[in-house]
Amino acid sequence: MKRWLMDLLKCPAEDCEGPLDLAVFDSHTMRVNDDDVEEIDEALITCGGCGRWYPVIDRITCMLPDDMRLDEKQRKWEVAFLERWKERIPEEILEKGIPFGISQ
Ligand SMILES: [Zn+2]
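Remember, predicted model here, so these are calculated numbers, not experimental data.

Describing the coordination of the zinc ion
- Taken together, C11 (SG), C16 (SG), C47 (SG) and C50 (SG) make up the full set of protein donors to the zinc ion, lying 2.3 Å away.
- Classification of the site at the zinc ion rests on its four donor atoms, whose angles at the metal span 98 to 116 degrees, yielding the label tetrahedral.
- Each donor residue of the zinc ion belongs to the same chain, with the gaps between them written as C-x4-C-x30-C-x2-C.
- Under the relative-accessibility criterion, C11 is labelled buried at 6%.

Written out as structure tokens, the structure reads:
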């Protein structure tokens, strides 16, 4: 995702308008119309309102409602993300993240 998209994103949890925080793990710069645009490859988005976390995986921002994230295939994909970046992801998310962590 492009970094500027952060300004437009909203937490999809019901009744949550919490502030979102972005921790970028991997990104690169693209030249678009003579401007340098930062494209984020992998990042962790956390919501200060409800405490949920969301991944950016392979440039795709995955801000889905809980029931879709708990779907087996989606969940495997997101847990693989946690495994991949576990050195840089807060312990509390790895252990008891919302809606899930690595071991729950
Ligand atoms: Zn939220």
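Considerations on the sheet that holds strand β3 (residues 53-57)
- The strand order across the open sheet built from four strands is β1-β2-β3-β4, with neighbouring strands paired in antiparallel fashion. In this open sheet, the two strands that pair with only one neighbour each are β1 (20-32) and β4 (60-61).
- Where β1 meets strand β2 (residues 35-47), 12 bridges bridge the pair, whose relative direction is antiparallel. By the bridge assignment for β2, L20 is matched with C47.
- Packed onto the sheet, helix α2 (residues 72-84) meets β1, β2 and β3 and runs at close to 85 degrees relative to β3.

Considerations on the packing of aromatic side chains
- One pass over the structure, following the stated rule, counts four aromatic pairs.
- Measuring from ring centre to ring centre gives 6.4 Å for W53 and F81, while their planes differ by 10 degrees; the resulting arrangement is stacked. Of this pair, W53 sits in strand β3 while F81 sits in helix α2; the two residues are 28 residues apart in sequence, bridging distant segments of the chain.
- Looking at W53, the relative accessible area reads 0%, which means it is buried.
- Aromatic rings pair up to connect F25, W53, F81, W85 and F100 into one cluster.
- The aromatic ring of W53 is capped on one face by R69, whose charged end is 4.7 Å from the ring centroid.

About the thresholds
Residues numbered from 1 in each chain as written. Predicted model: local features only at pLDDT ≥ 70, side-chain atom pairs only at ≥ 80, totals over all residues. Heavy atoms only, no water. Donors = N, O, S within 2.8 Å, 3.2 Å for Na, K, Ca; no water. Tetrahedral: all angles 85-135°; square planar, octahedral: opposite > 155°, others 65-115°. Buried < 20%, exposed > 50% of the residue type's maximum accessible area, 1.4 Å probe, protein only. Pairing = 2+ DSSP bridges. Helix = DSSP H or I, 4+ residues; strand = E, 2+ residues; numbered from the N terminus. Contact = heavy atoms within 4.5 Å. Axes fitted to C-alpha atoms, helices over the stretch in contact; angles between N-to-C directions. Phe/Tyr/Trp six-rings, centres within 6.5 Å; stacked < 30°, edge-to-face > 60°. Lys NZ or Arg CZ within 6 Å of the ring centre and 35° of its normal.

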